[in-house]
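Here is how the chains run, residue by residue.
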Amino acid sequence: MNIKQLLQNETQPIVIFGASVVGREVYDRCLSVGISASAFCDDQKLDQYKGVNVFSLNVIKKRYPEAVFIVATTNANDALHKITEMGNYKWILAGLILNDQENFPCITDFYNYSEMEAQIIDRCIESHSFHNDKENLFATSIDLLVTERCSLKCLDCCNLMQYFQNPQDISIDEIKKNLKLIVHYFDSVHELRVIGGEALLHRNFAEILQLSAGFININKILVYTNGTIVPARRKLEALALPNVVLAITDYGPISHNLDKLCEKCERYQIRYYITKAEEWVFCSSIKKHNRSMKENTKLFRSCCANNTFTVSNGKLYRCPFIANAVRLCAIEEAKDDRIDFDSLNMLYKEKCEAKRVINDFLYNRDFFPACDYCEGRPYGKITIKPAIQTKRPLDFDKF
Ligand code: SF4
Ligand code: SF4
């Protein structure tokens, strides 16, 4: 029996876990073949979609003690952890439905989706196709740190740029080495996110993109920028490469080159989208909290950045906070905070063994020692005004 038949014969209510664009797309496709979901489950988007209620996890648990979940969030492991904590529910992954054109034909004109929404759907489908794959190592996204320099100095930068006294570009040799390590170990990276600071400031930016775009196991390259820089021709030509997307954050008046940048994107046929910075969670202080293991596990599980894998200095970290706190020497780097690619090479003769170690690091941890220095980034936490500028770098304690 295929998924369509299973769902059509299902007697328990169907709940879609995640009410974002993926959840809505899977709802529409199921409905078009006579499968009707009873509710959405989402702690962030409490509303309705086409008359179907969106409930929080707690409400779902009470209303639907038995249900079948369609997991419509990219990080299936996180979702499944929450679902199995609630009870013994059945589940399937939305990516398998969205990838099944024969049984669940696409009814939405994909041109109706914004560039960002199309990216989210695409990312979820690929991520789910690798779920539980024991042989291939997959990452939905990897952040490649290319510079500590930024044209803005945000007081609450979650990547900790406000602390660098003498920010530097990462050398092109180190970036090349990091890229080669990524493609050596990962069979597929859905998106490589080129980040800083302000990535467009890197003097070898064009070379970094050309190199990254040449690896077949890197599906897409996302470049983050803050709307203050209009890059020169060579950098614009690199941004126009077919698998590159420019993600522009609009910080209001301080993104003073936003219009000019968009004009250049149109002229050079660069794929781009703009996200308005609306609210930030305060998460940029670095201090030891001495939390219990249980408290750190809770902090980590609710953190919206707990899957922002980051490569810096030949090492793989769980998020940019840890990578940059180490670069700043603001925390002592614990062995469990990272994978050191060089020592992997020495320790494991077979690549498949090294891949298993990386897989365990990425998908089987309750928290990392460095999380105890972090405020965490839970959904629903009180928000602060984004991008308040500081004139001088902030002080911090070196360990
Ligand atoms: S624009 Fe602000 S938030 Fe973004 S990297 Fe620069 S300092 Fe950080
Ligand atoms: S809680 Fe842990 S995973 Fe989340 S941002 Fe902080 S250090 Fe990174």
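Keep in mind that what you see is a predicted model, and the values were worked out from it rather than measured.

1. A closer look at the overall build of the protein
Next, step 1: Scanning the protein for helices and strands turns up 14 helices and 16 strands.
Next, step 2: Here the C-alpha atoms of the protein give a radius of gyration of 22 Å, agreeing with the 21 Å that 2.2 N^0.38 yields for 399 residues.
Next, step 3: Based on the C-alpha atoms only, the size of the protein along its principal axes is roughly 60 × 50 × 45 Å.
Next, step 4: In the protein, which comprises 399 residues, the proportion classed as buried is 39%.

2. Quick notes on the sheet that holds strand β9 (residues 218-225)
Pairing between the strands of a sheet is mediated by backbone hydrogen bonds and can be parallel or antiparallel.
Next, step 1: Taken in spatial order, the 8 strands make up an open sheet running β11-β10-β9-β8-β7-β13-β14-β15, and their pairing is mixed. The open sheet has two edge strands with one neighbour each: β11 (271-276) and β15 (338-340). Here the strands of the sheet are splayed against their neighbours by 25 degrees on average, with no regard to which way each runs.
Next, step 2: Strand direction decides the pairing type here: strand β14 (residues 315-317) and β15, joined by 3 bridges, are antiparallel. The residue bridging Lys315 from the neighbouring strand is Asp340, located in β15.
Next, step 3: Its contacts with the sheet place helix α7 (residues 172-185) against β7 (138-145), β8 (188-195), β9 and β13 (309-312), and it is angled at close to 175 degrees to β7.
Next, step 4: Helix α8 (residues 205-213) contacts β8, β9 and β10 (244-250) of the sheet and is inclined by roughly 155 degrees relative to β9.

3. So, the nonpolar core
Across soluble globular proteins, you tend to see nonpolar side chains buried next to one another.
Next, step 1: In terms of nonpolar packing, the biggest core is built from 70 residues, with Leu144, Val194 and Ile322 touching the most fellow members.
Next, step 2: Among the elements that take part in this core, helix α12 (residues 320-327) stands out by supplying 5 residues, more than any other.
Next, step 3: In this structure, Leu144 is in contact with Asn178, Leu179, Leu192, Arg193, Val194, Ile195 and Val311, ignoring residues within four places of it in sequence.
Next, step 4: Grouped together as the second largest cluster of nonpolar side chains are 35 residues, Phe17, Ala37, Phe55 and Phe69 included.

4. Focus on the domain arrangement of the protein
Next, step 1: You can read the domains of the protein as domain 1 (3-120) and domain 2 (133-384).
Next, step 2: For domain 1 and domain 2, the distance between their C-alpha centroids amounts to 29 Å.
Next, step 3: Contacts between the two partners involve 9 residues from domain 1 and, on the opposite side, 10 residues from domain 2.
Next, step 4: Classifying every residue of the side of domain 1 that touches domain 2 by side-chain character gives 1 nonpolar, 6 polar and 2 charged.

5. Details of the site of ligand 2
Next, step 1: Taken together, 15 residues surround ligand 2, and among them Cys303, Ala305, Cys319, Cys371 and Cys374 come closest.
Next, step 2: Broken down by secondary-structure element, the contributors of at least two residues to the shell around ligand 2 are α11 (293-301) and α12.
Next, step 3: In the shell around ligand 2, the residues fall into 11 nonpolar, 2 polar and 2 charged.

6. Brief notes about the environment of Ile83
Next, step 1: With respect to the secondary-structure elements, Ile83 resides in helix α4 (residues 76-86).
Next, step 2: The spacing of Ile83 and Asp342 is 259 residues in sequence and 37 Å in space, taken between C-alpha atoms.
Next, step 3: In contact with Ile83, not counting residues within four places along its chain, are Phe17, Phe69, Tyr89 and Trp91.

Procedures and definitions
- In this numbering scheme, every chain counts its residues from 1 along its sequence in written order.
- Throughout, the order in which chains and ligands are written sets their labels, letters from A for the former and numbers from 1 for the latter.
- The predicted origin of the model limits local features to residues at a pLDDT of at least 70 and limits the giving and counting of side-chain atom pairs to 80 or more, whereas totals for whole chains, interfaces and linings rest on all residues.
- Numbering of helices and strands runs from the N terminus; a helix is a DSSP stretch of H or I covering at least four residues, while a strand is a stretch of E covering at least two.
- Throughout, the radius of gyration refers to the C-alpha atoms, and the reference size of a globule is 2.2 Å times the residue count to the power 0.38.
- Each residue is classified by how many other C-beta atoms fall within 10 Å of its C-beta atom, where C-beta atoms are placed from the backbone; a count of 20 or more means buried, 12 or fewer means exposed, and values in between mean partly exposed.
- By this definition, two strands are paired if DSSP reports at least two bridges between them.
- Here the axes come from fitting lines to C-alpha atoms, over the contacting stretch only for helices, and the angles between their N-to-C directions go from 0 to 180 degrees.
- Contact criterion: two residues are in contact if their C-beta atoms, reconstructed from the backbone, are within 7 Å.
- For the purposes of this analysis, a nonpolar core is taken to be any set of buried Ala, Val, Leu, Ile, Met, Phe, Trp, Tyr and Cys residues that are connected through C-beta atoms within 7 Å.
- Residue ranges assigned to each domain were obtained from an automatic or database domain assignment.
- Charged means Asp, Glu, Lys or Arg here, nonpolar means Ala, Val, Leu, Ile, Met, Phe, Trp, Tyr, Cys or Pro, and polar covers whatever is left, Gly included.
- Near, for a residue, is defined by distance from a backbone-placed C-beta atom to a molecule or strand, with 6 Å as the limit that must not be exceeded.

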